[in-house]
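So you can see what is in the structure, the chains are spelled out below.
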Amino acid sequence: MLLIKRFSIFFILLISFSSLVHADFNGKVVKVIDGDTIDVLTPLKEKIRIRLLDIDAPETGQAYGNASRKYLATLIAGKKVFIKENKKDIYQRTLGTVFYNRININEKMVSGGYAWVYRYKGVAKNKKFLKLESKAKQNKKGLWRDQKPIAPWDFRRANKK
């Protein structure tokens, strides 16, 4: 009986902890760092760095890097957004999907041609985003106007110091 009680307490604590790890939240965008990273201030005045999930925007110093940041800023800078948190990345940034007035901002970045779909080892998990990227490419939107756009992961690799 004691073992069952301990297990029950452990299980309740585990469930409680896991809900804290990935909590969706609201906040105000206080800084747009680049085309896929923002700082959000929560109602409790906690500043959280958000990396937009499933996208990879051109780097600062790369073609369309500044345009990507500016486009994201026009969409959400200074606005109250909702973040659907996924997990933390290796830099402890929150990976999440950003919504403004129920509009998926991550999707808008891809469909507008201001970001690639994020690929890990050449594979993209988000198939819907791949379709949006393909359509943006076909319609020569944003960075797809370039003859040979360079993917951010290739740009980073070529510019490693």
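Structure: above.
Definitions and limits used
Residues numbered from 1 in each chain as written. Predicted model: local features only at pLDDT ≥ 70, side-chain atom pairs only at ≥ 80, totals over all residues. Heavy atoms only, no water. Helix = DSSP H or I, 4+ residues; strand = E, 2+ residues; numbered from the N terminus. Buried < 20%, exposed > 50% of the residue type's maximum accessible area, 1.4 Å probe, protein only. Contact = heavy atoms within 4.5 Å. Pairing = 2+ DSSP bridges. Phe/Tyr/Trp six-rings, centres within 6.5 Å; stacked < 30°, edge-to-face > 60°. 1 Å grid on protein atoms, 1.4 Å probe; cavity = no way out; pocket = protein on both sides within 12 Å on 5 of 7 lines; lining within 4 Å. Points joined across faces, edges and corners; volume = space filled by probe spheres on them. Salt bridge = Lys/Arg side-chain N within 4 Å of Asp/Glu carboxyl O.

Student: Provide a residue-level description of the overall build of the protein, including the pertinent values.
Tutor: Scanning the protein for helices and strands turns up five helices and eight strands. Taken from the N to the C terminus, the helices and strands of the protein come in the order α-β-β-β-β-α-β-β-β-α-β-α-α. Within the span of the protein, comprising 161 residues, buried residues form 37% of the whole. Considering only contacts within the protein whose residues lie at least 6 apart along the sequence, 57% involve residues at least 24 apart.

Student: Go over the pairing of strand S6 (residues 94–100) with me, naming the residues and quoting the values.
Tutor: Most of S6 sits out of view: five of its seven residues are buried. Two elements, strand S3 (residues 47–52) and S6, share three bridges in a ladder whose sense is parallel. Its bridge partner being in S6, Arg51 is matched across the sheet by Leu95. Pairing of strand S5 (residues 80–88) with S6 involves six bridges; the strand directions are antiparallel. Paired with Lys87 across the two strands is Leu95, which belongs to S6. Pairing of S6 with strand S7 (residues 103–104), which is carried by two bridges, proceeds in the antiparallel orientation. Across the sheet, Phe99 pairs through a bridge with Asn104, a residue of S7. If you look at the hairpin formed by S6 and S7, you'll find two residues sitting between the two strands, and Asn101 has a positive phi there, around 50°.

Student: Tell me what's going on with the packing of aromatic side chains, and back it up with residues and numbers.
Tutor: In the structure shown here, the tally under the stated rule is four aromatic pairs. Seen in terms of ring centroids, Trp116 and Trp144 are 5.2 Å apart; in terms of plane orientation they differ by 65°. Their pairing is edge-to-face. Of this pair, Trp116 sits in strand S8 (residues 116–117) while Trp144 sits in the loop between helix H4 (127–138) and helix H5 (152–158), and the two are 28 residues apart along the sequence.

Student: An account of the layout of surface pockets is requested, with residue identities and associated values reported.
Tutor: The calculated volume of the largest pocket comes to roughly 1,100 Å³. Along the wall of the largest pocket there are 33 residues; nearest its centre are Arg51, Asp56, Tyr118, Tyr120 and Arg156. Elements with a minimum of two residues in the lining of the largest pocket: strand S1 (25–34), S3, strand S4 (55–56), S5 and H5.

Student: Describe in detail the pattern of salt bridges, supporting the description with residues and values.
Tutor: Throughout the structure, instances matching the rule amount to 11 salt bridges. Linking Glu133 and Arg119 is a salt bridge whose minimum nitrogen-to-oxygen distance equals 2.6 Å. With Glu133 in helix H4 and Arg119 in the loop between S8 and H4, this pair connects stretches of sequence that are 14 residues apart. The class of Arg119 is partly exposed, set by a relative accessible area of 21%. Across the pair Arg157 and Asp154 runs a salt bridge, and its minimum N-O distance is 2.4 Å. Remark: Asp154 and Arg157 occur in helix H5; sequence separation between them is three residues, near one turn of the helix. For Arg157, a relative accessible area of 56% gives the class exposed.

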